[in-house]
Structure formats: C-alpha cells, structure tokens
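Understanding the architecture of this molecule
Chain by chain, the residues:
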Amino acid sequence: MTEIDEHGGVATASSADAPTQQLPAVAPDQDPAAGAGSGVAAAGRSGRLVGLQTQDLSAWFGDHKVLERVSLSMAPGEVTALIGPSGCGKSTYLRILNRMHEMVKSAQLAGRVLLDGDDIYAPGRRPADVRARVGMVFQRPNPFPAMSIYDNVVSGLKLAGIKAGRARREELVETSLTQAGLWAEVRNRLRSPGGALSGGQQQRLCIARSLAVEPDVLLMDEPCSALDPTSTRRVEETIADLRGRLTIVIVTHNMQQAARVSQNCAFFLATHDTPGRIVEAGPTRQLFEDPRDERTSDYVNGRFG
Ligand SMILES: Nc1ncnc2c1ncn2[C@@H]1O[C@H](COP(=O)(O)OP(=O)(O)OP(=O)(O)O)[C@@H](O)[C@H]1O
C-alpha cells in the first residue's frame, strides 16, 4: 500500500496490491483525432493531446477501502464519463488523478496514475506541478465572489505559481473565457465581480480559471448538478467545444448528460462490503446501447442507483 504523508510525499508500496487482474479499459487504439472537432490546436501547455491512465489503483480512507484495482485509460482529447451509484468512489478516483486525494489526512492509495506515461506519484513529483497540468472543476461554482471576472481568471495562474506579464495575462483571459464559452457575455464587464454572474456563468468562469493554466487534462466533478437546465446546456456545449483541445474526465449522475458529452464511459460499482470497482468501461455508445454486463444495463436504464 502506498502511504501518502501530509506533505504529499509517497512512501514505499508493498506487494500486497500487486496487479493480479486487468480490469476493462477504454480501448487504447481510439483515434484521438476523432475528437479534434474542426482541427483546433491542443489547449494544454504541452502543446499536444495527453492521455491519462490508471493501473490497479486502490484507495483507502483509514481502514476503509473505497476503490479496488481500478485500471482505466482516458483517451487524449476525448471526454470520459465516470458513472455509478452514490458512494462507489467516483469522486475519490477523480481526486486521485490530480493528487487531491492526499489532502485528506487518512488517505492512502496503491497502484499507478500515468499522465502521458509518467507516474504522477513518482518520488519527487510535486503535487502543485501535477495540479497545474490536471485542473479540476467542482460541483458548486466556487469563484472568488468579490474579485473581478478578470482577476478570477488570472487567479488560476497565481494559484499554480505561473508568472505572466500583462499582455500575456490579457491574452490568457480572453482565450480562456472564449474557450469556456463566456467571453461574449462578459467582455464588456471584466472588472465586475465574479459573484455577480449567474450560477451557470460562474461555473463557466471556474472552467476559464482552470483553462488559464493551460492544463492537459480537465477533471469535472458533477459540474452541472447545481445548475438549471439552461446553464447545464451551456456547460455541456462548453465541454463539447473543449473536446479535442484537452482530455476531459467528468463525474456525472445524469445518464443523458454522460451520453451527450462523453465518448467513453466507465461504470463504477461498490457494494456494502466491497470497494468500488469498474464493472465495465468502453465507448459510451456501447455501454448505453449494448452493455456487456447486466448491472451496467440495469444502471444506465435507471433500474437502480
Ligand atoms: N474525506 C473522506 N473521509 C472518509 N471517507 C470518505 C471521504 N470521502 C469519501 N469517503 C468515503 O469514500 C467512499 C467513496 O466516496 P466518493 O465520494 O468517492 O463516492 P462517489 O461515487 O463520488 O459518491 P457521490 O456520487 O455520492 O458523490 C464513500 O464510502 C465515502 O463515504
């Protein structure tokens, strides 16, 4: 088991969780260009589309094991949706992908997380560097309410420790707000407080704040669950526009949303005495129209959860 100390350091792993079983994974041969829309450039700092992969990932809070050997490939430039009933470990899994899991004191994990083939938990890898490449948007929009729209976007850079001159900041603010689908609505009031925007606009502002850092991956934890249907649609349009620019992993309880926005899907399931595992993962269309596992069929058709 890999122990994470409170500073984000990682101690040695024992062989207790050595891989014994390969769980279903998204086919690695999917064509990333298929998600590239109209041939737009990759938005990430590395200038190309980058994939994310977990290998036999297990996680604990204290003695409570919440994830069991989760192996999954999240294809570059595509949207992967994580679905499953409440408590099956989706958010925990997502938080492991950008080293936020270790912010909980009792948190532990085993297994590997590979960003573009490199282990984000390798000794010496700084959590802040990982979080600059793997951004996160949360369930509730959390802009700084008193800070201007402009400064909210720029704050992403400051939080990530990225220095940028005034011209570069202005360019990033416009680009990020444009990519987040908010520029046209706020371009004439960039100095107004972020808190004065509607809930849906605030969520797109938070997306812009994440994009300003030019991450390779954007994690979204139920980004529309606090939004009305119109705002939800705008955020979904934003996700569709971002497809092909960066790799997106989204947790959602909304099956229609998973079907609308994602190209790949992973169905997680836990029981009262077994930790969360992936039951089935693959192209979204297959999971929804021709699932291999009866539990997947029952879940996506609303028969439980
Ligand atoms: N900070 C924490 N400390 C202790 N246990 C936690 C913590 N966060 C989550 N858990 C536990 O881990 C398990 C997985 O929770 P998690 O939030 O990852 O599930 P989820 O599938 O995202 O659920 P939901 O869909 O309701 O958000 C649950 O049993 C939960 O109680």
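Predicted model, so just to flag it, every value in this text is computed and none were measured.

1. Examining the overall build of the protein chain
A tally of regular secondary structure across the protein chain gives ten helices and eleven strands. Sequence-distant contacts in the protein chain: of pairs separated by 6 or more residues, those separated by 24 or more amount to 73%.

2. Remarks on the packing of helix 4 (residues 166–179) against helix 6 (residues 199–212)
At a minimum axis separation of 8 Å, helix 4 and helix 6 run at an interaxial angle of 130°. If you check the angle between helix 4 and helix 6, you find them oblique. Helix 6 is crossed by helix 4, and the crossing has right-handed handedness. For the pair helix 4 and helix 6, the contacting residues are Leu172, Ser176, Leu177 and Gln179 in the first and Ala208, Leu211 and Ala212 in the second. Along the lines of polarity and charge, the residues of the contact of helix 4 with helix 6 split into five nonpolar, two polar and no charged.

3. Focus on the site of the ligand
Surrounding the ligand, one finds Phe61, Val66, Gly84, Ser86, Gly87, Cys88, Gly89, Lys90, Ser91, Thr92 and Val104. For the shell around the ligand, a count of residues per class yields four nonpolar, six polar and one charged.

4. Observations concerning the pairing of strand 11 (residues 274–283)
Among the ten residues in strand 11, eight count as buried, and that is most of the element. Looking at chain direction, strand 10 (residues 264–271) and strand 11 are connected through seven bridges and run antiparallel. In the strand pairing of strand 11, Thr271 is matched with Thr274. Linking strand 10 back to strand 11 in an antiparallel pair, the connection comprises two residues.

5. Looking at the nonpolar core
If you look at the biggest cluster of nonpolar residues, it comprises 81 residues, and the most contacted ones within it are Leu82, Ala208, Leu219, Ile248, Val249 and Phe267. With residues near it in sequence (within four places) discarded, Val249 still touches Met74, Thr80, Leu82, Leu94, Leu97, Val217 and Leu219.

6. Considerations on the UniProt feature "domain: ABC transporter" (unreviewed entry) in the protein chain
Under the present numbering, the feature "domain: ABC transporter" (unreviewed entry) in UniProt falls on residues 52–300. With 37% helix and 28% strand, residues 52–300 has end C-alpha atoms that lie 25 Å from one another.

7. Structural notes on the pairing of strand 4 (residues 79–83)
Buried residues dominate strand 4, accounting for five of its five residues. Covered by surrounding structure in strand 4 are Val79, Ala81 and Ile83 together with Thr80 and Leu82, the residues of both alternating faces. Here strand 4 runs beside strand 9 (residues 247–251); their pairing, made up of four bridges, is parallel. Counterpart to Thr80 in the pairing with strand 9 is Val249.

8. Considering unusual backbone geometry
Residues apart from glycine generally show negative phi values, whereas peptide bonds are mostly found in trans. Of note in the backbone geometry, Arg99 takes a positive phi value of approximately 65° without being a glycine. Mapped onto the elements, Arg99 comes out in the loop between helix 1 (90–96) and strand 5 (107–115). Judged by local crowding, Arg99 falls into the buried class, with 23 C-beta atoms found within 10 Å. At Glu222, a position not held by glycine, the phi torsion is positive, near 45°.

9. A closer look at the environment of Gln139
Assignment of secondary structure puts Gln139 in the loop between strand 7 (134–137) and helix 3 (149–159). A sequence separation of 159 residues divides Gln139 from Asp298, and the C-alpha atoms of the two residues are 26 Å apart. When sequence neighbours within four positions are dropped, the list of residues in contact with Gln139 reads Asp221, Glu222, Pro223, Ser225 and Ala226.

10. What about helix 7 (residues 229–242)?
For helix 7, which comprises 14 residues, the first-to-last C-alpha distance of 20 Å matches the rise-based estimate of 20 Å (1.5 Å per residue) to within 8%. For helix 7, the secondary structure elements touched by its buried residues are strand 4, helix 4, helix 6, strand 8 (217–221), strand 9 and helix 8 (255–261). Gly244 lies just past helix 7 and shows a positive phi near 90°.

11. Topic: the environment of Ala259
Note that Ala259 resides in helix 8. Ala259 sits 28 residues away from Leu287 along the chain, and the two C-alpha atoms are 9.3 Å apart.

12. Details of helix 6
Over its 14 residues, helix 6 extends 20 Å from the first C-alpha to the last, a length consistent with the 20 Å expected when each residue adds 1.5 Å. Of all the 14 residues making up helix 6, 13 are buried; the element is thus mostly covered by neighbouring parts of the structure. Following helix 6 by one or two positions, Glu214 adopts a phi angle in the positive range, close to 55°.

13. A closer look at the packing of helix 3 against helix 4
Close contact between helix 3 and helix 4 brings their axes to 10 Å; oriented N to C, the two are set at 100°. Here helix 3 is positioned roughly perpendicular relative to helix 4, judged by the angle of their axes. Across the interface between the two elements, Tyr150, Val153 and Val154 of helix 3 pack against Arg169, Val173, Ser176 and Leu177 of helix 4. Along the lines of polarity and charge, the residues of the contact of helix 3 with helix 4 split into five nonpolar, one polar and one charged.

Each value, and the rule that gives it
Residues numbered from 1 in each chain as written. Predicted model: local features only at pLDDT ≥ 70, side-chain atom pairs only at ≥ 80, totals over all residues. Helix = DSSP H or I, 4+ residues; strand = E, 2+ residues; numbered from the N terminus. Contact = placed C-beta atoms within 7 Å. Axes fitted to C-alpha atoms, helices over the stretch in contact; angles between N-to-C directions. Parallel < 35°, antiparallel > 145°, perpendicular 65-115°, else oblique. Left-handed = near helix turned anticlockwise from the far one by under 90°. Nonpolar A, V, L, I, M, F, W, Y, C, P; charged D, E, K, R; others polar. Near = placed C-beta within 6 Å. Buried ≥ 20, exposed ≤ 12 C-beta atoms within 10 Å, placed from the backbone. Pairing = 2+ DSSP bridges. Core = buried A, V, L, I, M, F, W, Y, C linked by C-beta atoms within 7 Å. UniProt positions renumbered as here; feature names shortened; annotations may be inferred. Expected span 1.5 Å × (residues − 1).

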